[in-house]
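Here is how the chains run, residue by residue.
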Amino acid sequence: MRNHSVISEFILLGLSVDPQIQPLLFVLFLVIYLLTLMGNLMLLLVIGFDPHLHIPMYFFLRQLSFLDLCHSSVTVPKLLENLLSEKKTVSVEGCLAQVFFLFASGGTESCLLAVMAYDRYVAISSPLLYAQVMNRQLCMGQLMGLVWASWSFAFLDALINILVALNLDFCEAQDIHHFCCELPSLYPLSCSDVTASFTALLCSSLLHFFGNFLLIFFSYVRILSTILRISSSTGRSKAFSTCSSHLTAVIFFYGSGLLRYLMPNSGSIRELIFSLQYSVITPMLNPLIYSLKNKEMKAAVKRMLRKYFWCFK
């Protein structure tokens, strides 16, 4: 399958066409991107070097940090480039490549959030069994199997969608009312039938993203029922605190992502805000969400900093 488009590039109109606002937006998103890199790299280092954090929850969190680095790096560098450039173009092939990697990284994060929800359910509902299972030698192999399954399923889903999208032809319209390439944004520009691509996108959204969302939803229904059965208020508060960070991350990711893909493609400011939320803002916030109220993480950061400064004394 190959693309037979007459045009060779698209024009990303971005967030603003005002030349006075664009430098301010560049500084803003450069700061956001640098904070995203620093926060997620810090989580990767702390979890990797601290043996106290070598448990499933932090293993998954480390994978999530890596995914956030990938997801943000697919969109933000091109956004920054276009804010400074007069020629805000992207090749058709480059645009489709961005669609693929956005789909793959976002899909993997969706799967990983579902796995993390189930992990929290098992930890809260059966803490003794959970501790026994996590002490087994096969635990790390099983965890890696879940991570590889998440990556494989998401990349397969992205590959199917992009192979179908390669049949789309683009003849005259070039303007994308967006700061990045997303599949729904390309449909109005196509001069060929988009039914097959739209159907593939709809099926993958229902099976993949909504499927993972249902797994997360039912996991939290079981978590809530387990917490409500705990007699002491201290026990309920402690149980809820173990999954509050994950629940916050799920709300940020799925809230903005679902609203973006459920609303009609129009290039409106609300559409851009929802896209910014899950592709730019959420990767920056996740390290804060998982560390600010996490005593183990804060203790690990202090241990690492003490060790670092001790080496330079």
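Reference entry: report on the structure contained in this document.

Rules and cut-offs
Residues numbered from 1 in each chain as written. Predicted model: local features only at pLDDT ≥ 70, side-chain atom pairs only at ≥ 80, totals over all residues. Heavy atoms only, no water. Phe/Tyr/Trp six-rings, centres within 6.5 Å; stacked < 30°, edge-to-face > 60°. Salt bridge = Lys/Arg side-chain N within 4 Å of Asp/Glu carboxyl O. Helix = DSSP H or I, 4+ residues; strand = E, 2+ residues; numbered from the N terminus. Buried < 20%, exposed > 50% of the residue type's maximum accessible area, 1.4 Å probe, protein only. 1 Å grid on protein atoms, 1.4 Å probe; cavity = no way out; pocket = protein on both sides within 12 Å on 5 of 7 lines; lining within 4 Å. Points joined across faces, edges and corners; volume = space filled by probe spheres on them. Pairing = 2+ DSSP bridges. Contact = heavy atoms within 4.5 Å. Axes fitted to C-alpha atoms, helices over the stretch in contact; angles between N-to-C directions.

1. What to know about the packing of aromatic side chains
In this structure the tally under the stated criterion is twelve aromatic pairs. Ring-pair connections join several aromatic residues into one group, and the members of that group are F66, F100, F101, W151 and F155.

2. Quick word on the pattern of salt bridges
Under the definition given, this model contains three salt bridges. The salt bridge partner of D50 is R303, with a shortest N-O separation of 2.9 Å. Within this pair, whereas D50 is found in the loop between α1 (22-49) and α2 (56-84), its partner R303 is found in helix α10 (residues 295-311), the two being separated by 253 residues in sequence. Residue classification places R303 among the partly exposed positions, given a relative accessible area of 28%. We note a salt bridge from K78 to E81, for which the minimum N-O separation is 3.5 Å.

3. So, empty space enclosed by the protein
Tallied over the full model, the rule gives one cavity of 30 Å³ or more. In this structure, the largest cavity spans a volume of roughly 60 Å³. Lining the largest cavity are L12, L13, G14, L15, S16, Q22, L79, N82, L83, K88 and F179. Of the residues forming the lining of the largest cavity, the biggest block, three residues, is contributed by α2.

4. Quick notes on the sheet that holds strand β1 (residues 9-12)
Judged by pairing direction, the sheet is mixed, and its three strands sit side by side in the order β2-β1-β3 without closing on themselves. Of all the strands in the sheet, the pair left with one neighbour each is β2 (89-91) and β3 (175-176). Bridge analysis of β1 against β3 gives two bridges, and the strand direction is parallel. Within the sheet, the bridge partner assigned to I11 lies in β3 and is D175. Strands in contact with helix α3 (residues 92-125) are β1, β2 and β3; relative to β2, the strand with the most contacts, it is inclined by about 85°.

Just distances and angles here, no functional claims.
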